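Here are the chains, one letter per residue:
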Amino acid sequence: MIYRETGQFRTSYAEDQAIFRLREDRIGIIVILAIAWVGIPLVADEYLLRAILIPFLILSVAAIGLNLLLGYCGQISLGTGAFMAVGAYAAYNLALRLPEIPLLIDFLLAGLIAAGIGIVFGLPSLRIKGLYLAVATLALQFFADWAFLRVHWFTNYTPSGSVTAPPLDIFGWLVDTPLEKYWLCLAFACATALFAKNLVRSRIGRSWMAIRDMDIAAEIIGIRPMHAKLSAFAVSSFIAGLAGVLWAFVHLGSWEPLAFSIDMSFRLLFMVIIGGMGSILGSFLGAAFITILPIFLNQVPAMVGIQLSTAMVSHLEFMIFGTLIVLFLIWEPHGLARLWQIGKEKMRLWPFPY
Amino acid sequence: MATATVTPPREAAERSVRRARQIGEVLLAVENISLRFGGVRALSNVSFDIRRGEIRAIIGPNGAGKSSMLNVINGFYQPQEGRIIWKGRALSRMRPYDAAKGGIARTFQNIALFKGMSTLDNIMTGRILKMRASFFEQALWIGRGKSEELRERAFVERILDFLEITHIRHVPVGKLPYGLQKRVELARALAMEPELLLLDEPMAGMNLEEKEDMCRFILDVNEEFGTTVALIEHDMSVVMDISDRVVVLDYGRLLADGTPEEVRNDPAVIEAYLGVSHG
Ligand SMILES: Nc1ncnc2c1ncn2[C@@H]1O[C@H](COP(=O)(O)OP(=O)(O)OP(=O)(O)O)[C@@H](O)[C@H]1O
Ligand SMILES: [Mg+2]
């Protein structure tokens, strides 16, 4: 019995409402945090940090953003890439045009601007659901693609349309090595996860889930659908906007409008579905899966002597995503996070099969 | 027809004396309510009132308009004609949010729980209107964000205890058997500390034991907290046993209104309703 619930009596509601109710989970998270903050920096090389861990962390943040909207509030969005783009270009323009504002404040302001756009494009959700809402958010995606490509003010009239982020100066700390960037992203990921977890175990999160599960009953206990939906759009796009800032400023450094295309929106949707809708942990699992799979496909066949072309790898990638998404949607809408939970429950009872 | 007897006769007599003292002024009145769906007249010119502290039954054959009546009362349907007088204030229409805010809670004929959430979270949603924490207090789990959660959790625990469902607090409600789901739905309504509790067939589909439990809970809620109850029920013995006054609807019209005794002896009711077997 690796996981033991028996014998751990919770003596107060505060303990019962803690994020990690089981001692094993608490120890687990401390170990993971120690590895993330201290262990990895000791061993990871530049490639691992730059090509895997930093994008993984940023995508996890974006996936948490989408998960709050889709997994918790039940509102589908195909425009997460657009919210990331809004965040990235807002931060770029703020840094460019108002250099006296500290960069970190720019980041938060960019998140707020993305939240504002999120509210506006969340308005259709008050009237339409499901597929129609998906199409409405898709419209935002195309609008953003168009605006950042064609409205040259956003890209400061650079001839190629590609822009470069200023040096990352966080209140005097110049973040320029991969390790420092990793720590910065890790800090954002931890903060976002905690923030999201607190929201979903509070009144606001419950009102989102109530809307997701049965909006009619939600209304009758005094939840206002408009507040619940628009707040979910706002928080979700704030987080997505922040992730966009990190993606642009920390991961890419310089980028083109294409960096936040529909492709990004779909990838995030895949992460949330595969990782687990309605789970913060699932957002991390989904991001990890989607970041690691292409690398795995690139390296493993080569190791066993099979030579795959780059095109083949990317085809395989999409085939695997496609299959997994169908399988998860049919059998396990709660994704990898749910599989992990089932595994834990098994461990909790093991070796007694009762 | 299944029967569930909860109160022996002598106790019932004692109760009616006590009740005469408990029942107060008119809490809610519906006046000349008419509701149509296209060509279907779900309600035609229905008027009755509900007094504070009483248990008011609404009965009638299938399709009589009972559920529609509850939907009008809590603002879910907008009647074409008539008005609602809630605590002395006349309204031409009630909105669901205002009904909730004003102290009206309800359960549904087809259970309307939040399937993906645990029993505890479902009932906690009933406390949403009592919570004031700001967004940042919730996001950072500080101040009222934390203290309210603990306070409301303690309140909800008392309800779990009262309805004898503490053992399922962490179970997702989608996994619960039907009878328990009905109980969780009642718990969620009670969590709102309503002045008026609307119950749409709270005992439908239950076995005898579950029905008796449910009757006991309804009576306890009414007596201990003074909550006014309006319930729709098909089981006549339950209705006769626990209600103070009964409204009978038939084809959307008000057929009779009175004490269980009066209604039972009303020739129109006997013909239209009691003569026909239900359940
Ligand atoms: N949303 C709606 N749209 C159209 N017709 C409706 C709607 N709701 C109710 N009706 C109709 O109104 C009439 C009364 O329905 P209602 O559900 O109020 O009956 P009821 O007395 O609760 O019946 P039951 O005992 O079967 O629950 C029925 O003819 C029904 O078809
Ligand atoms: Mg009905």
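Computed from a prediction, not measured in an experiment: that's the story for all the values here. (Residues numbered from 1 in each chain as written. Chains lettered and ligands numbered in written order. Predicted model: local features only at pLDDT ≥ 70, side-chain atom pairs only at ≥ 80, totals over all residues. Heavy atoms only, no water.)

A.B. asks: What is the right way to read the side chain of B:Asn71 from this model?
C.D. replies: Structurally, B:Asn71 is set in helix 2 (residues 66-73). Once residues within four sequence positions are removed from consideration, B:Asn71 is found in contact with B:Phe76, B:Tyr77 and B:Arg106. (Helix = DSSP H or I, 4+ residues; strand = E, 2+ residues; numbered from the N terminus. Contact = heavy atoms within 4.5 Å.)

A.B. asks: What's the story with the sheet that holds strand 8 (residues 228-232) of chain B in this structure? I'm lost.
C.D. replies: Strand pairing within a sheet occurs via backbone hydrogen bonds; the two strands may be parallel or antiparallel. All names here are of chain B. One open sheet accounts for six strands, arranged 6-7-8-3-9-10; its pairing is mixed. Every interior strand has two partners, whereas the edge strands, strand 6 (104-107) and strand 10 (253-258), have only one. If you compare each strand with its neighbour and ignore which way they point, the axes differ by 15 degrees on average. As judged from the four bridges shared by strand 3 (residues 55-59) and strand 8, these two strands associate in the parallel manner. Its bridge partner lying in strand 8, Arg 56 is registered against Ala 230. In this fold helix 2 packs onto strand 3, strand 6, strand 7 (196-200), strand 8 and strand 9 (245-250), with an angle of close to 150 degrees to the strand it touches most, strand 7. (Pairing = 2+ DSSP bridges. Axes fitted to C-alpha atoms, helices over the stretch in contact; angles between N-to-C directions.)

A.B. asks: How should I be thinking about the site of ligand 1 in this particular structure?
C.D. replies: All names here are of chain B. Taken together, the neighbourhood of ligand 1 is formed by 14 residues, with Gly 63, Lys 66, Ser 67, Ser 68 and Gln 109 sitting nearest. Here an oxygen atom of ligand 1 sits 2.6 Å away from a polar atom, N or O, in the side chain of Ser 68. Burial of ligand 1 by the protein amounts to 65% of the accessible area it has alone, namely 630 Å². Counting residues per element, the shell around ligand 1 draws most heavily on helix 2, which supplies three residues. Among the residues making up the shell around ligand 1, the classes are represented as five nonpolar, seven polar and two charged. (Near = heavy atom within 4 Å. Polar contact = N/O pair within 3.5 Å; in protein donor to acceptor, adjacent residues only side chain to side chain. Areas by Shrake-Rupley, 256 points an atom, 1.4 Å probe, with all protein chains shown as cover. Nonpolar A, V, L, I, M, F, W, Y, C, P; charged D, E, K, R; others polar.)

A.B. asks: Honestly, the environment of A:Phe260 in this entry has me stumped. Any pointers?
C.D. replies: Tracing the sequence through the fold places A:Phe260 in the loop between strand 4 (254-255) and helix 11 (262-275). In this structure, A:Phe260 is in contact with A:Gly81, A:Ala82, A:Met84, A:Ala85, A:Ala88, A:Gln141, A:Asp145, A:Gly244, A:Trp247, A:Ala248 and A:Trp255, ignoring residues within four places of it in sequence.

A.B. asks: How should the sheet that holds strand 5 (residues 89-91) of chain B be read in this particular structure?
C.D. replies: All names here are of chain B. The strand order across the open sheet formed by four strands is 2-1-4-5, and the pairing between neighbours is antiparallel. Whereas interior strands pair on both sides, the edge strands pair on one side only; in this sheet they are strand 2 (40-51) and strand 5. Neighbouring strand axes in the sheet, compared pairwise and without regard to direction, differ in orientation by 20 degrees on average. Where strand 1 (residues 26-37) and strand 4 (residues 81-86) come together, five bridges link them in antiparallel fashion. Bridged to Ala 29 within strand 4 is Ile 85. The strands that helix 2 touches are strand 1, strand 2 and strand 4; relative to strand 1, the one it contacts most, it runs at about 115 degrees.

A.B. asks: I would appreciate a short explanation of a positive patch on the surface in the present structure.
C.D. replies: A surface patch of like charges, here positive, comprises A:Arg224, B:Lys101, B:Lys130 and B:Arg132. Checked against the element boundaries, A:Arg224 lands in the loop between helix 9 (215-220) and helix 10 (225-252). Looking at A:Arg224, the relative accessible area reads 36%, which means it is partly exposed. (Patch = residues over 30% accessible without salt bridge, like charges linked within 9 Å, V, L, I, M, F, W, Y side chains within 5 Å. Salt bridge = Lys/Arg side-chain N within 4 Å of Asp/Glu carboxyl O. Lys, Arg positive; Asp, Glu negative; His and termini not counted. Charge placed at Lys NZ, Arg CZ, Asp CG, Glu CD. Buried < 20%, exposed > 50% of the residue type's maximum accessible area, 1.4 Å probe, protein only.)

A.B. asks: Would you mind showing me how to read the domain arrangement of chain B here?
C.D. replies: Much of the literature gives interface size as the accessible area that the parts lose upon coming together. Residue and element names in this part refer to chain B. Domains assigned within chain B are domain 1 (1-103 + 195-279) and domain 2 (114-193). Contacts between the two partners involve 21 residues from domain 1, matched on the other side by 14 residues from domain 2. For the pair domain 1 and domain 2, the summed buried area comes to about 1300 Å², and 70% of that belongs to carbon and sulfur atoms. In this assembly, domain 1 and domain 2 are joined by two salt bridges. A salt bridge links Arg 216 to Glu 164, with the nearest nitrogen and oxygen atoms 3.6 Å apart. The tally of links between domain 1 and domain 2 comes to three residue pairs in polar contact (both at pLDDT 80 or more). Contributing elements (two or more residues each) for the side of domain 1 that touches domain 2: helix 3 (96-102), strand 7 and helix 8 (208-225). (Domains from an automatic or database assignment. Buried area = accessible area lost by both parts, 1.4 Å probe.)

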